[in-house]
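# Analysis of the macromolecular model
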Amino acid sequence: MKAVISVTGKDNVGIIAGVSAYCADRGANIIDITQSVLQEYFAMIMLTEIDKLTVPFSDFVDGLSAFGKERGLEIHTMHEDIFNTMHHI
Amino acid sequence: MLNTADILETINMIRQENLDIRTITMGISLFDCVSDDKKRFLTNVYDKVTSTARDLVKTGEQIEKEYGIPIVNKRVSVTPVSLIGGNHTGETYVETAKTLDKAAKELGINFIGGYSALVEKGFTRGSTELINSIPEALACTERVCSSVNVASTKSGTNMDAVNLMGRIIKKTAFLTKENDSIGCAKLVVFANVPQDNPFMAGAFHGVGENECAINVGVSGPGVVASAIKRAGDVDMSALADIIKTTAFKITRVGQLVASEASKRLGVPFGIVDLSLAPTPAIGDSVARILEEMGLETCGCHGTTAALAMLNDAVKKGGVMASSHVGGLSGAFIPVSEDEGMIHAIESGCLTLEKLEAMTAVCSVGLDMIAIPGETDEAVISGIIADETAIGVQNTKTTAVRVIPVWGKGPGESVSFGGLLGYAPIADINMTSPLRFISRGGRIPAPIHSLKN
C-alpha cells in the first residue's frame, strides 16, 4: 500500500530531512520525491510504501500533520488510491 | 503513475474547494422487527438498528483519515415505518420515532430517516396512523426524519394525501414553534420517491432493497464552480465538457469511499448518488455555479436553462464513474442550505415561482424554503400539488420541504443551524386554492404519448 505525502509552506532548511527522518523512524519507505521552490514557497510530494509501518496509519497521518504545524508547514498524507481512482480510468 | 499536477488538483479540490463525501448512509431493513407486542416491536427496532450500524461511524472515520477526504455525515435509513407498524396505534408510532432517535444518539449519527409512508394511490391503516403522528413524532425527537410519497407517474396523485400533508406541515410547524418550526425541516413530501436515496430528510430503505446496503452521496459544488471559473469565456459545449469531467472525478471519489465502506462493513454496496449538494458555507453553492456560468444573479431569466445544462452534465459525467448510480442524482437547490440561493432570495431576484420552474429540470424540488407562519394549509397543499404535477408529468422525482415559520413573516429570517442553514422568509402568493384542494380523490396517472 502506498501513501502520498504532500508538504507545502514557507521554504526553510531541513524540510526534506525532517519529513524523511519522521518516515524512516516509523517504517515508511520513500519511493519517490518531487519538490520545487517557487520564490519562498516550498512544495513537495513524496510517495511512500507504508506496508511496514510500525505505528497505526491514522497515528502516522496525525503525527506528520502535527510535525508540519510546528514548522509552519501543511502536511497531508493520503492513500494513493484516491488519486488513482480520480485521475485514471 | 501518479503525476504532481493530478495530486495537487485533488488536494486543492479537498482543501480549497470543499470537496467532500456528504454522507455514507446505511440502509437497514426492519421487516424482521415486526411484532404485535409493542414492547417487543420497539426492542426489535432498537436492537436491529444499533447492532447493524454499530461500526458505521468508526469505519467512516477510518476511511476519512486514510484517504484524506472529509466524510461529513454518517447516517442510517430504515424501512418506511408505516410498513412495519402493523396494527399498532399512533401512540406506538410516536414511540417508534423516539426509539429510532435513541438509536441514532447511541450510534453517534446526526439523522435517521424512514419515518415514512407511501400513499401515492391510497392509505393503509398503518400509513394513516403514521402520517397523523408525524407532527408529534418530529416534535419529540431530534434526529428522526420523515417523508411521505403522495404521487407517482404510474399511480397519479393522491389529492387526499396532498390535502392532509398541508395540515400536517402546519401542525408540525406549530408543535416545534419554540425552535422556529424546525420540525418541518425534517419532513419531505415526495412525488416518485427513490427507494435508495442516501440524503436526508427523504432517505428510507425501500422494499426491494437488500437486508442492508451502503449508499453514498457525494458533493462538490465548489469544485464545479472553480472549474468553470478557470475555463473563462468558453462556449456551452466546452462548458458542458468541463462539468462532465469534474463530475466524473467527484463521483469516482464517491465510488471509492462507497466500495471501501461496503467492504469494511461487510454490507453490500447499493448506489452512489451523483448529487451536487450545497452547504451554507461560502464556496459550496449551486447558485454560485449558475452565476459563474454567466447569470448576474441566480433567479434571473436564463436560470432554468443553465440549471438544466448543469444537471444533465453532472449526470453524464457521474454515470461512467460509478458502477451503480441511484438516489436523487442531480443538482440540489435547497434555499437555506445554499449561500448563493439565500443571497438570491434576499436580493428579490429569486422567487418561489422561479424555483418551481427550476425544479422541473433538476434534482428534487422546493427544498428548505422558509415561508410565512400564517400561510394557509390549503396554500401549502397547493404548493405540494404543483410540485407533484411537475414530477408526475415529467417522470422525475420532485419534493416539497417548506417551513412555515410560526410567528414570522416576510422580511424576517430564520436560522436552523449547522447544515440546515438559515433563510429569509419568502413572500409567497397567498391566494387560496382551497376549493381545488378540498375536492380530494386522485388525479389520474398521466398519458405517455401525445407529448406536448
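Just so you know, these numbers come straight off a predicted model, no measurement behind them. (Residues numbered from 1 in each chain as written. Chains lettered and ligands numbered in written order. Predicted model: local features only at pLDDT ≥ 70, side-chain atom pairs only at ≥ 80, totals over all residues. Heavy atoms only, no water.)

## Describing the overall build of chain A
Note the threshold: Comment: elements are numbered from the N terminus, with helices defined as DSSP H or I runs of at least four residues and strands as E runs of at least two. When a residue's accessible area, from a 1.4 Å probe over protein chains only, is under 20% of the maximum for its type it is buried; when over 50% it is exposed; and in between it is partly exposed. Here a residue-residue contact requires only that any non-hydrogen atoms of the pair lie within 4.5 Å. As used throughout, the charge tally considers Lys and Arg to be positive and Asp and Glu to be negative, leaving His and the chain termini uncounted. In this description, the location of a charge corresponds to atom NZ of lysine, CZ of arginine, CG of aspartate or CD of glutamate.
Broken down by element type, chain A carries 3 helices and 4 strands. The N-to-C order of helical and strand elements in chain A reads β-α-β-β-α-β-α. Taking all 89 residues of chain A together, the buried fraction comes to 45%. Partitioning the intrachain contacts of chain A with sequence separation of at least 6 by distance along the chain shows that 68% fall at a separation of at least 24. Computed over 6 positive and 12 negative side-chain charges, the separation of the two mean positions in chain A equals 4 Å.

## With respect to the pairing of strand S2 (residues 29–38) of chain A
Residue and element names in this part refer to chain A. Going by this rule: Paired strands are those between which DSSP finds at least two bridges.
Relative to strand S3 (residues 41–49), S2 runs antiparallel, the two sharing 9 bridges. Considered in S3, the bridge of Val-37 is made with Phe-42. Linking S2 back to S3 in an antiparallel pair, the connection comprises 2 residues, with Gln-39 at a positive phi of about 50°.

## A word on the nonpolar core
The condition is simple: Remark: nonpolar core denotes a set of buried residues (Ala, Val, Leu, Ile, Met, Phe, Trp, Tyr, Cys) joined through side-chain atoms within 4.5 Å. Throughout, the edges of the domains are those of an automatic or database domain assignment.
Counting residues in hydrophobic clusters, the biggest one holds 154 residues, and the most contacted among them are Val-76, Val-150 and Leu-310 of chain B. With 11 residues, the top contributor of residues to this core is helix H9 (residues 236–265) of chain B. Lining this core are residues from two domains, each supplying at least three of them: domain 1 (23–191) and domain 2 (217–439) of chain B. Excluding residues that lie within four positions of it along the chain, Val-150 of chain B makes contacts with Val-119, Glu-120, Gly-156, Thr-157, Asn-158, Ala-161, Val-162, Met-165, Val-189, Phe-190, Ile-384 and Thr-388 of chain B. Residues Val-19, Ile-50, Phe-57 and Leu-73 of chain A belong to the second largest nonpolar core, which totals 20 residues.

## With respect to the packing of aromatic side chains
This is how it is decided: Classification of ring pairs uses Phe, Tyr and Trp, with its six-membered ring standing for Trp, and accepts pairs whose centres are within 6.5 Å; under 30 degrees between planes counts as stacked, over 60 as edge-to-face, and the remaining range as tilted.
Taken as a whole and assessed by the stated rule, the structure comprises 5 aromatic pairs over all chains. Ring geometry for Phe-57 of chain A and Phe-60 of chain A: centres 6.4 Å apart, planes at 25°, overall stacked. With a gap of 3 residues between them, Phe-57 of chain A and Phe-60 of chain A both fall in helix H2 (residues 57–70), about one helical turn apart. Take Phe-60 of chain A: its relative accessible area is 0%, and that puts it in the buried class. Considering the side-chain rings of Phe-199 of chain B and Phe-332 of chain B, the 4.8 Å spacing of their centres and the 80° angle between planes classify their relative orientation as edge-to-face.

## What to know about the sheet that holds strand S1 (residues 2–10) of chain A
Residues and elements named next belong to chain A. Cut-off, in case you're wondering: Axis definition: a line fitted to C-alpha atoms, limited for helices to the stretch in contact. Angles are taken between N-to-C directions and run from 0 to 180 degrees.
As summarised here, the arrangement of the 4 strands in space is S2-S3-S1-S4, forming an open sheet in which the pairing is antiparallel. The open sheet has two edge strands with one neighbour each: S2 and strand S4 (73–79). In this sheet, neighbouring strand axes are inclined to one another by 15° on average, regardless of whether the strands run parallel or antiparallel. Direction of pairing for S1 relative to S4: antiparallel, over a ladder of 7 bridges.

## Things to note about the environment of Leu-175 of chain B
All names here are of chain B. You can see Leu-175 is positioned in helix H7 (residues 159–175). Under the relative-accessibility criterion, Leu-175 is labelled partly exposed at 38%. For the pair Leu-175 and Trp-406, spaced 231 residues apart in the sequence, the C-alpha separation amounts to 9.4 Å. Among all residues touching Leu-175, those that are not within four sequence positions of it are Pro-135, Glu-136 and Ala-139.

## Section: the domain arrangement of chain B
All names here are of chain B. Heads up, the condition is: Buried area: the sum, over both parts, of the accessible surface (1.4 Å probe) that disappears when the two are put together.
Under the domain assignment used here, chain B contains domain 1 (23–191) and domain 2 (217–439). One C-alpha centre belongs to domain 1, the other to domain 2, and the line joining them spans 22 Å. Contacts between the two partners involve 42 residues from domain 1, matched on the other side by 44 residues from domain 2. Both faces combined, the contact of domain 1 with domain 2 buries some 3,500 Å², and carbon together with sulfur accounts for 70% of it.

## Quick look at unusual backbone geometry
All names here are of chain B. Following Met-200, the chain continues to Ala-201 via a peptide bond in cis, the omega torsion being 10°. Not every positive phi belongs to a glycine, and Met-368 is a case in point at roughly 55°. A relative accessible area of 0% places Met-368 in the buried class.

## Some thoughts on the layout of surface pockets
For clarity, the threshold we go by: Residues are called lining when one of their atoms sits within 4 Å of a cavity or pocket point, these points coming from a 1 Å grid over the protein atoms alone, where a cavity is a set in which a 1.4 Å probe fits but cannot get out and a pocket is an open set with protein on both sides within 12 Å along at least five of seven lines. Grid points are joined across faces, edges and corners, and a volume is the space filled by probe spheres set on the points. Gly counts as polar in this scheme, as do all residues outside two lists: the nonpolar Ala, Val, Leu, Ile, Met, Phe, Trp, Tyr, Cys and Pro, and the charged Asp, Glu, Lys and Arg.
In this structure, the largest pocket occupies an estimated 400 Å³ of space. In this structure, the largest pocket is lined by 18 residues; those nearest its centre are Thr-8, Tyr-41 and Ala-43 of chain A together with Leu-8 and Ile-11 of chain B. When residues of the lining of the largest pocket are traced back to their parent elements, those giving at least two are S1, S2, S3 and S4 of chain A together with helix H1 (4–15) of chain B. No other element matches the 5 residues that H1 of chain B contributes to the lining of the largest pocket. Of the residues assigned to the lining of the largest pocket, the class counts are 7 nonpolar, 9 polar and 2 charged.

## Overview of the side chain of Ser-146 of chain B
All names here are of chain B. Quick reminder of the rule: Two N or O atoms form a polar contact when they lie within 3.5 Å of each other; inside protein one atom must be a possible hydrogen donor and the other a possible acceptor, and for residues adjacent in sequence the pair counts only when both atoms belong to side chains.
Along the polypeptide, Ser-146 turns up in strand S4 (residues 144–152). By relative accessible area, which is 0% here, Ser-146 ends up buried. Of the polar contacts made by the side chain of Ser-146, one reaches the backbone oxygen of Tyr-115; its length is 2.7 Å. If we ignore the near neighbours within four places in the chain, the residues touching Ser-146 are Tyr-115, Ser-116, Ile-134, Leu-138, Lys-186, Leu-187, Val-188 and Ala-201.

## Quick look at the interface of chain A and chain B
In plain terms, the rule: The working definition used for a salt bridge is a side-chain nitrogen of Lys or Arg within 4 Å of a carboxyl oxygen of Asp or Glu.
At the interface, 25 residues of chain A touch 24 residues of chain B. Interface of chain A and chain B: buried area, both sides summed, is about 2,300 Å²; carbon and sulfur atoms make up 73% of it. When the buried surface of chain A facing chain B is broken down by residue, Ile-82, Met-86 and His-87 of chain A rank first, second and third, together holding 27% of it. Counting every contact that joins chain A to chain B gives 1 salt bridge. The salt bridge involving Lys-65 of chain B is made with Asp-62 of chain A; its shortest N-O contact spans 2.8 Å. Taken together, chain A and chain B are joined by 7 residue pairs in polar contact (both at pLDDT 80 or more). For the side of chain A that touches chain B, the elements supplying multiple residues, two or more each, are S1, S2, S3, H2, S4 and helix H3 (81–87) of chain A. Here the side of chain A that touches chain B is composed, by residue class, of 11 nonpolar, 10 polar and 4 charged.

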